[in-house]
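# A structural walkthrough
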2 protein chains.
Amino acid sequence: MRVGIIGIGQTKMGEHWSKSLRDLSTEAGAMALKSAGMTASDIDGLFIGNMSAGRFVGQEHLAALAADHAGMTPIPATRCEAACASGSLAFRKAYFAILSGHHKIVMVGGSEKMTDIGATGSVGTLMGAGDQEWESSIGLTFPGLYALMAQAYMERYGLQRDELSLVPVKNHAHGVKNPYAQFRFPISVQDVAASPLVADPLRLLDCSPITDGAAAIILATEDVAKHFEKPVWVAGSGQASDTLALHDREELCRLRASEKAAQMAYIQAGVGPENIDVAEVHDCFSIAEIIAYEDLGFAKRGKGKQMLLNKDTSMGGSMPVNTDGGLKVGHPVGATGIKQLIEITRQLRGEAPNQVKDAKIGLAHNVGGSGATALVHILRRD
Amino acid sequence: MRVGIIGIGQTKMGEHWSKSLRDLSTEAGAMALKSAGMTASDIDGLFIGNMSAGRFVGQEHLAALAADHAGMTPIPATRCEAACASGSLAFRKAYFAILSGHHKIVMVGGSEKMTDIGATGSVGTLMGAGDQEWESSIGLTFPGLYALMAQAYMERYGLQRDELSLVPVKNHAHGVKNPYAQFRFPISVQDVAASPLVADPLRLLDCSPITDGAAAIILATEDVAKHFEKPVWVAGSGQASDTLALHDREELCRLRASEKAAQMAYIQAGVGPENIDVAEVHDCFSIAEIIAYEDLGFAKRGKGKQMLLNKDTSMGGSMPVNTDGGLKVGHPVGATGIKQLIEITRQLRGEAPNQVKDAKIGLAHNVGGSGATALVHILRRD
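Please read all numbers here as calculations on a predicted model, not as lab measurements.

Contact residues are listed per partner, giving 60 residues for chain B and 60 residues for chain A. Where chain B abuts chain A, roughly 4500 Å² becomes buried across the two surfaces, and 50% of that area is made up of carbon and sulfur atoms. Scanning the region where chain B abuts chain A turns up 6 salt bridges. If you list the elements that add at least two residues to the side of chain B that touches chain A, you get helix 2 (53-56), helix 3 (62-69), strand 3 (77-81), helix 4 (86-99), strand 8 (232-241) and helix 11 (256-269) of chain B.

Here it is, written out as structure tokens:
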């Protein structure tokens, strides 16, 4: 049985001082329902991806909160968490729920309200995605963890600092057309070089921002989805884990969980990296996108930067990546995985602001923490 | 296709000052593997129920943590959260994962390390299960929420204070034989009456404790499980949601989510309350067990106390409830739902310390917060 995406909705990403977590969740959910021409009573299950509302806003029990505020009780409401991969984790569990035969039409949302706690609070809370005993307790932050990966990669493969900057430059350029982006301005390699150093070699413009936002998708059985005009099908789903702490990895220049999740998704979908027309990858920091190219099989090991130098992954290239601007223009952590799947859905429907011509197969890649969780989904249209 | 339980393991519940969350999770998981005669490499997926490790110990990304510490990477690892119903929520999602065809043998664990943060910190953290904007922000605690339910119930149905005490008296009596219990001593109605008032009418001995602990179950496809000596089958699974805040409910003397979840589970299992031989119900506070009798259809509305007065739900009664002592003798919130399912599994295998003679069908009922989430599972043996 196939499972199809029949509705999508997302809030603007940014600093939402006048909206609460529940407001954002409900706004995204209502948009998804509207896009499917449905009402809440058509939905028989709710899945929510959220990383850390317990610390961000003092609230756990997120899925019940979302069901309650949207007037969707008494449907089953489930929260899934795997740090910044929480959104796609919820998506995969919702997909399983439909395949299990226990659900027919499910809403999958992701949400995060990160700004209420302030920047210092946010950075500390995000370290809940790393290893509390061995990383955060000694003062490591996420920019620090990815800086270690960047150092190792630059040393091993001779990546230059300005080549790394091509990632955020491309993604900011794509983000200009994204009406939901937190940042809609282009940047240059010089801008990156002039931005403050956060964790050597990563500078401010290498880092994804602290973002409030929510996104929602409606998933349905084939029997339901086939009656919609442009259903987008889940062709492959992969998920894998790795050590929580970076020091337990054999090497820092690849994410084993991404490789494994991609392999699972490709096998299920019966396609390879060469068949992907458009992709969203987890560019939480510039280095992450280059490593993702290689983990996903788009480029050979150590050759990821060539895709940037050739503009392969820019609009107009052979396989545009992060056509909405990626995490670089907004990263509401629990919502990010859903937002990525929405962009791929738009691409396959031919409705994206930066439309890739005739896109048929798309991939979304979502990472938790420094790679202890990764999920890859492959979507396709008929 | 049927899904069967083939392995169980749990830590002692209590104040584990010398063990971390990851130690407890791994201990329970190793016991479950041992009981199934398996090793970690036999498991193809991990699900973890945990309520609030982000606040209890500064750690999110719990499932990756558990997979990592147990040497189970790169298998997919998923954390589910619905406050105190997180354990059975993870169980249901693992059940769906197997039914979906994407998994064959899955470990489902629950864990919580509640004591590190101190009693005041714990009470505050637990309020993450309630409504942050409308309940915790005005000073309500969980004893307070259940005290409001107790007040309403006593007023409406004429329940006497000493009748309420029959719940913890029964559960402590059952807990004496439970080697994993945090408390293994009997108490009397007089002891309850003499214990400090926490939130009128609830006294200290009406309240479940703050507990560290973990529990794990191994679930498998019928093809795998049928080769085990005493497989226990998932016959029915139900889940429902309700308003997060108590003030949004039509009445306080019932949990609509419990009623709905029970209805789903009974229909799937093709049985009714009269067919249940043994049950674990969510007795976080004394009043909760009486309300559960009624929500689950064991007793008519307002008549729950009769089961206690008749000793129906005591060992030797017509349908013993909380034969391991229930939450009253240990409530490691994320692990509780798994611990309940383990007790029912032991009963159906004929291996419980307080064994119910010839138990064939058992029920486990797990509640999140003040009832915004409820799950009911019905297990049976061949």
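Anyway, onward from the coordinates.
Residues and elements named next belong to chain A. Running from amino to carboxyl end, helix 1 (residues 21-36) crosses helix 3 (residues 62-69) at an angle of 65 degrees, the nearest separation of the two axes being 9 Å. Viewed along their axes, helix 1 and helix 3 form a crossing whose handedness is right-handed. Every residue of helix 3 that contacts helix 1 at Leu21, Arg22, Asp23 and Thr26 is listed here: Leu62, Leu65 and His69. Looking at the contact of helix 1 with helix 3, its residues break down into 3 nonpolar, 2 polar and 2 charged.

Further remarks concern the pairing of strand 7 (residues 213-221) of chain B. Residue and element names in this part refer to chain B. Strand 7 sits mainly inside the fold: 9 of its 9 residues count as buried. Direction of pairing for strand 1 (residues 3-10) relative to strand 7: antiparallel, over a ladder of 7 bridges. In the strand pairing of strand 7, Gln10 is matched with Ala215. Where strand 4 (residues 105-112) meets strand 7, 8 bridges bridge the pair, whose relative direction is antiparallel. Across the sheet, Ile105 pairs through a bridge with Ala220, a residue of strand 7.

Below, the discussion takes up the packing of aromatic side chains. The tally for this structure, following the rule as stated, stands at 10 aromatic pairs over all chains. Residues Phe142(A) and Tyr146(A) carry aromatic rings whose centres are separated by 6.4 Å and whose planes lie at 35 degrees to one another, so their mutual orientation is tilted. Taken as a pair, Phe142(A) and Tyr146(A) lie in helix 6 (residues 142-157) at a separation of 4 residues, close to a single helical turn. Feature note: the residues Phe142(A), Tyr146(A) and Phe285(A) constitute an aromatic cluster, connected by ring pairs. If you follow Arg2(A) out to its NZ or CZ, it ends over the ring of Trp233(A), 3.9 Å from the centre. Sitting over the face of the ring of Trp17(B), Lys113(B) holds its NZ or CZ atom 5.7 Å from the ring centroid.

With 100% of its residues at a pLDDT of 70 or more, chain A shows a mean pLDDT of 97. Here the complex is predicted with pTM 0.98, and the ipTM for its interfaces comes to 0.97.

Screw-axis analysis of chain B against chain A gives a translation of 0.0 Å along the axis, an RMSD of 0.0 Å, and a rotation angle of 180 degrees. Taken together, the rotation and translation relating the two chain copies correspond to the operation of a two-fold axis.

With that out of the way, let us pick up the pattern of salt bridges. Overall, the coordinates contain 52 salt bridges over all chains when judged by the stated rule. Here Asp382(A) makes a salt bridge to Arg2(A), at a shortest N to O gap of 3.1 Å. Of this pair, Asp382(A) sits in the segment after strand 11 (373-381) while Arg2(A) sits in the segment before strand 1 (3-10), and the two are 380 residues apart along the sequence. Overall, the relative accessible area of 61% leaves Asp382(A) in the exposed class. Taking relative accessible area as the criterion, Arg2(A) reaches 34% and is therefore assigned partly exposed. Here Glu133(B) ties to Arg22(A) by a salt bridge, and the two come within 3.5 Å at their closest N and O atoms. One end of the pair, Glu133(B), is in the loop between helix 5 (118-126) and helix 6 (142-157); the other, Arg22(A), is in helix 1, on a second chain. Residue classification places Glu133(B) among the partly exposed positions, given a relative accessible area of 36%.

Moving on to unusual backbone geometry. Residues and elements named next belong to chain B. Here the residue pair Thr73 and Pro74 is connected by a cis peptide bond, since its omega of 10 degrees sits within 30 degrees of zero. With respect to the secondary-structure elements, Pro74 resides in the loop between helix 3 and strand 3. Here the residue pair Asp200 and Pro201 is connected by a cis peptide bond, since its omega of 10 degrees sits within 30 degrees of zero. When you line up the elements, Pro201 lands in the loop between strand 5 (197-199) and strand 6 (202-203).

The next subject is helix 5 (residues 118-126) of chain A. Where helix 5 of chain A is concerned, the buried positions are Ser122(A), Thr125(A) and Leu126(A). When helix 5 of chain A is viewed along its axis, its buried side chains cluster within an angular range of 95 degrees and face the same direction.

Cut-offs applied
- Residues numbered from 1 in each chain as written.
- Chains lettered and ligands numbered in written order.
- Predicted model: local features only at pLDDT ≥ 70, side-chain atom pairs only at ≥ 80, totals over all residues.
- Heavy atoms only, no water.
- Contact = heavy atoms within 4.5 Å.
- Buried area = accessible area lost by both parts, 1.4 Å probe.
- Salt bridge = Lys/Arg side-chain N within 4 Å of Asp/Glu carboxyl O.
- Helix = DSSP H or I, 4+ residues; strand = E, 2+ residues; numbered from the N terminus.
- Axes fitted to C-alpha atoms, helices over the stretch in contact; angles between N-to-C directions.
- Left-handed = near helix turned anticlockwise from the far one by under 90°.
- Nonpolar A, V, L, I, M, F, W, Y, C, P; charged D, E, K, R; others polar.
- Buried < 20%, exposed > 50% of the residue type's maximum accessible area, 1.4 Å probe, protein only.
- Pairing = 2+ DSSP bridges.
- Phe/Tyr/Trp six-rings, centres within 6.5 Å; stacked < 30°, edge-to-face > 60°.
- Lys NZ or Arg CZ within 6 Å of the ring centre and 35° of its normal.
- pLDDT = per-residue confidence, 0-100.
- Least-squares fit on C-alpha atoms with pLDDT ≥ 70 in both.
- Arc of directions from axis to C-beta.

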